[in-house]
Amino acid sequence: MTAAPQLSLPAVAGCPTALRLRSAAGSAGLESLNLAVVGLNHKTAPVAVRERTAVRENEQEALLSHLRRHAREVMLLSTCNRTEVYMAGVQGDPLSAFEGAWGADLRAHLYVHQGVAAADHLYRVAAGLDSLVIGETQIQGQVKRAWQDASGRGDTSALLNKAAQGALASGKKVRFETGLNDNVVSVSSAAVQLATSIFGSLEGRTALIVGAGETAELTLTHLRAAGVKDVIVVNRTEERARLLADKVGGRACASEMLHTLLPEADVVIASSGAPHYVLRPEGVQEAMQGRVSPMFLIDISVPRILDPEIAHVSGAHLYNLDDLEGIVQRNLASRTLLLPRAEAIIGAGVADLKRWNTFREAGRARASMLQSEQALASD
């Protein structure tokens, strides 16, 4: 008979406590993390599918209520390029749990990783290795907020807390030790590069930004650096628009002014969480009347807020996140040599999580055995 494989514990052969933990772990068959991730991203789903799973604030609790029935711990990560659910203490099929939460047939676009593979995926995501733009730093903050939100709701416990903290620590180490995020091309800067390819130069141009969040601010920074003269910030809340406009020396306007201001814009960047299209073809058609130069529009919102039919308006050049692929691939080619070191850091971080989990579960098994022994002794 083939002997059962030993768990990978540190070399502590002379330690009686470690030997007892090893024995308890082996007898319990604790060889993997009870962790799973299900999701879709820019690699598995076009933006038209990704926007169907975007998490709106008023829908989040309903989604979580369903997911909690399938796992003891739940963390929801939703960005412009991915929607993922991390689960610990999984009960049943993770894929069915995800599809049931969104009430849609998404299986053709979903990936699922379980055990160590789920941990590896989380660590890669937090380090920016699974991003549309390899090495981008915005994802680190998004993972941190997702974990803090889940923890604040009481949706995480020991395993997801440890995994999220380890992923964030490894991601930080990747950034500091590999140079992977040095001069990285972000989604915002890629959008500006695309605009430059249309106009040749953005010197003296006028840019209109729909939205006032973090991505909008990053985009404005790149536009100013590219020579944009005039910046208009339009947002549903005029006060938020003013705060951002003051940072970059631009004008702030309420969303009701969008169509009035549109004829002035050479570049339109849509980066907002609006629940509907804020621009339609007829509005752009009217704005183009009397213009000599083209209008560049890029929708980096998920769900999209610029009607795709705008692409058929003469003189209007409409793009979305999926259209940034060429710029992103050029960025990746220049960074390939840095990936092995980053992968090694991720591997070491996941190995630490495995060791922690082995001791944790072995300790539980040992405690259970002692309880059983005490119960037998009292009979």
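The rules behind these values
- All residue numbers refer to position in the chain's written sequence, counted from 1.
- Local features in a predicted model are, by the rule used here, given only for residues with pLDDT of at least 70; side-chain atom pairs are given and counted only at 80 or more, and totals for whole chains, interfaces and linings are based on all residues.
- Note that the side-chain values use all heavy atoms of the structure and ignore hydrogens as well as water.
- For two strands to be treated as a pair, DSSP must find at least two bridges joining them.
- The secondary structure listing takes helices from DSSP runs of H or I that are at least 4 residues long and strands from runs of E that are at least 2 residues long, numbered from the N terminus.
- Lines fitted to C-alpha atoms define the axes here, with helix axes fitted over just the stretch in contact, and angles between the N-to-C directions of these axes take values from 0 to 180 degrees.
- Nonpolar cores are built from buried Ala, Val, Leu, Ile, Met, Phe, Trp, Tyr and Cys residues. Side-chain atoms within 4.5 Å join them into one set.
- Accessible area is worked out with a 1.4 Å probe on protein chains only. A residue is then buried under 20% of its type maximum, exposed over 50%, and partly exposed in between.
- Only heavy atoms enter the contact rule, under which two residues are in contact if any of them lie within 4.5 Å.
- The aromatic pairing rule takes the rings of Phe, Tyr and Trp, using the six-membered ring of Trp, and pairs them if the centres are within 6.5 Å, calling planes under 30 degrees apart stacked, those over 60 edge-to-face and the rest tilted.

This next bit is on the sheet that holds strand 9 (residues 295-299). Sheet architecture is open: six strands sit in the order 7-6-5-8-9-10, paired in parallel fashion. Of all strands in the sheet, those with a lone pairing partner are strand 7 (251-254) and strand 10 (316-320), marking the two edges. Across the sheet, the axes of successive neighbouring strands diverge by a mean angle of 15°, strand direction being ignored. The sheet contact formed by strand 6 (residues 230-235) and strand 7 spans four bridges and is parallel. Across the sheet, residue Val234 finds its bridge partner in strand 7, namely Cys253.

On to the nonpolar core, then. The biggest cluster of nonpolar side chains holds 35 residues, and the ones touching the most others in it are Leu223 and Val267. Only helix 8 (187-199), strand 5 (206-210), helix 9 (214-225), strand 6, helix 10 (238-248), strand 8 (267-270), strand 9 and helix 13 (325-333) provide two or more residues apiece to this core. Looking at which element gives the most residues to this core, the answer is helix 8, with seven residues. Excluding anything up to four places from it in sequence, Val267 contacts Ala195, Phe199, Leu202, Thr206, Ala207, Leu208, Leu223 and Phe296. Ranked by size, the runner-up nonpolar core spans 34 residues in total, among them Ala119, Ala150, Leu159 and Val350.

Our focus in this paragraph is the packing of aromatic side chains. Tallying each qualifying case throughout the model produces two aromatic pairs. Ring centres 4.3 Å apart and planes at 20° place the aromatic pair Phe98 and Trp102 in the stacked group. Here Phe98 pairs with Trp102, and both are found in helix 4 (residues 94-102), just four residues apart, close to one helical turn. Taken individually, Phe98 and Trp102 each receive the classification buried, so the pair is uniform in this respect.

Once that is clear, we can look at unusual backbone geometry. Of all residues except glycine, most have a negative phi; of all peptide bonds, most are trans. That bond from Val302 to Pro303 is cis: its omega, 0°, falls within 30 degrees of zero. Residue placement: Pro303 occurs in the loop between strand 9 and strand 10.

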